[in-house]
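Residue strings, one per chain:
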Amino acid sequence: RGDRPGVSVAASDHKGSASQLAALTGFIRHLQSEKRHSPRTCEHYQRDLQRLVAWLADNGLNDWSELSAHDVRRYVARLSRDGLSGRSIARHLSSIRRFYQYLLREGLAIDNPALDIRAPKSGRRLPRVADVDQIGQLLDATPEDPLEIRDLAMFELMYSSGLRLAELAGADLSALDLKGPEIRVLGKGNKERVLPVGRKAVAALQQWLSCRRALVTEGEKALFVSQRGTRLSRRSIQGRLSRWGILHGADQRLHPHLLRHSFASHMLESSGDLRAVQELLGHADIATTQVYTHLDFQHLARVYDQSHPRARRRTTDRTGCEEEDHRAGQ
């Protein structure tokens, strides 16, 4: 069953020659069986390359060996016109390069046309975060039934330990140690890390574990289960968090990464220890974590603008003369 998704998606697409689709199917099988990539990673490669197959068909290119560097540049331009960010285009190019490494190995191409192509640069979007008071208001709400008790435990744990959505959904009961208190999670690249669990999260988890016994099916390992007693899906977690925000008056749409971003930003604001935040988040490269220093600077800049006597906005009085808001010394 492991290679069925790759076969079925390629076969179901009407665009692309038989040889193109066969090579793509072989590549996805290679990622699954030889490289042991996760199903989600294989889906990303499949989707990116299926989009390229459709573009090639529209442009009369029916064999992978026909694709040139000039064609790849045209494809990048098309992706840009379609509204993809520089980061998304870079991911597409990475998929093409990886695919052509496979084609070269199989003798299905003579060069890698994407090798020296770079994605256009785009401004880096800063992640949105919720402030400490709003997080406190949302997590201090009282759950009214076992499913809400579960939801509160999930959200407390995400904010307490900075978990990714996939890490939360994949967590097993055996990974949780409330005496530590800590939780063991499997992150990107199948890298395991052990994270501390905060006092509020421990209390919420203890309450959930007393309810879990009545819901869980026999042999289920998942820490968080659905009403049917089986592992809760990522989509369900997203839906429950959105629902929680609506019920408890959030002023923005709640999603799992908002809790993770808020955890990172609040930790950095309090500690100033970028390396520790990197370890907690499971980032392989500290440059990924540094985005939160920009968030912290934005907060400091707002405080500065509102507080420094030489930085305050100026207003105009009725006589047309400028005066400072909240004049210093008066």
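Placed above this text is the structure.
Values in this document were obtained by computation on a predicted structure and should not be read as measured data.

Draft legend 1. Examining the overall build of the protein chain more closely. Within the protein chain, the regular secondary structure consists of 14 helices and five strands. Out of the 330 residues belonging to the protein chain, those deemed buried represent 41%. Restricting to contacts in the protein chain with at least 6 residues of sequence separation, those with at least 24 account for 57%. Split by element, the accessible area of the protein chain, about 19200 Å² in all, is 48% carbon and sulfur.

Draft legend 2. Broad picture of the sheet that holds strand β3 (residues 192-196). The three strands are arranged β1-β2-β3 in an open sheet whose pairing can be described as antiparallel. Of all the strands in the sheet, the pair left with one neighbour each is β1 (176-177) and β3. By the bridge criterion, two bridges tie β1 to strand β2 (residues 182-186) in an arrangement that is antiparallel. Bridging from a neighbouring strand, Asp-177 pairs with Glu-182 of β2.

Draft legend 3. Spatial organisation of empty space enclosed by the protein. Applying the stated criterion across every chain, the model contains one cavity of 30 Å³ or more. Computed from the structure, the largest cavity encloses a volume of approximately 40 Å³. Leu-138, Leu-139, Phe-155, Leu-241, Trp-244, Leu-254 and Leu-259 together form the lining of the largest cavity. Counting only elements with at least two residues in the lining of the largest cavity, the list comes to α6 (132-139) and α10 (234-247). Of the residues in the lining of the largest cavity, the class split is seven nonpolar, no polar and no charged.

Rules used throughout
- Residues numbered from 1 in each chain as written.
- Predicted model: local features only at pLDDT ≥ 70, side-chain atom pairs only at ≥ 80, totals over all residues.
- Heavy atoms only, no water.
- Helix = DSSP H or I, 4+ residues; strand = E, 2+ residues; numbered from the N terminus.
- Buried < 20%, exposed > 50% of the residue type's maximum accessible area, 1.4 Å probe, protein only.
- Contact = heavy atoms within 4.5 Å.
- Areas by Shrake-Rupley, 256 points an atom, 1.4 Å probe, with all protein chains shown as cover.
- Pairing = 2+ DSSP bridges.
- 1 Å grid on protein atoms, 1.4 Å probe; cavity = no way out; pocket = protein on both sides within 12 Å on 5 of 7 lines; lining within 4 Å.
- Points joined across faces, edges and corners; volume = space filled by probe spheres on them.
- Nonpolar A, V, L, I, M, F, W, Y, C, P; charged D, E, K, R; others polar.

Read these as layout, nothing more, since geometry by itself doesn't imply function.
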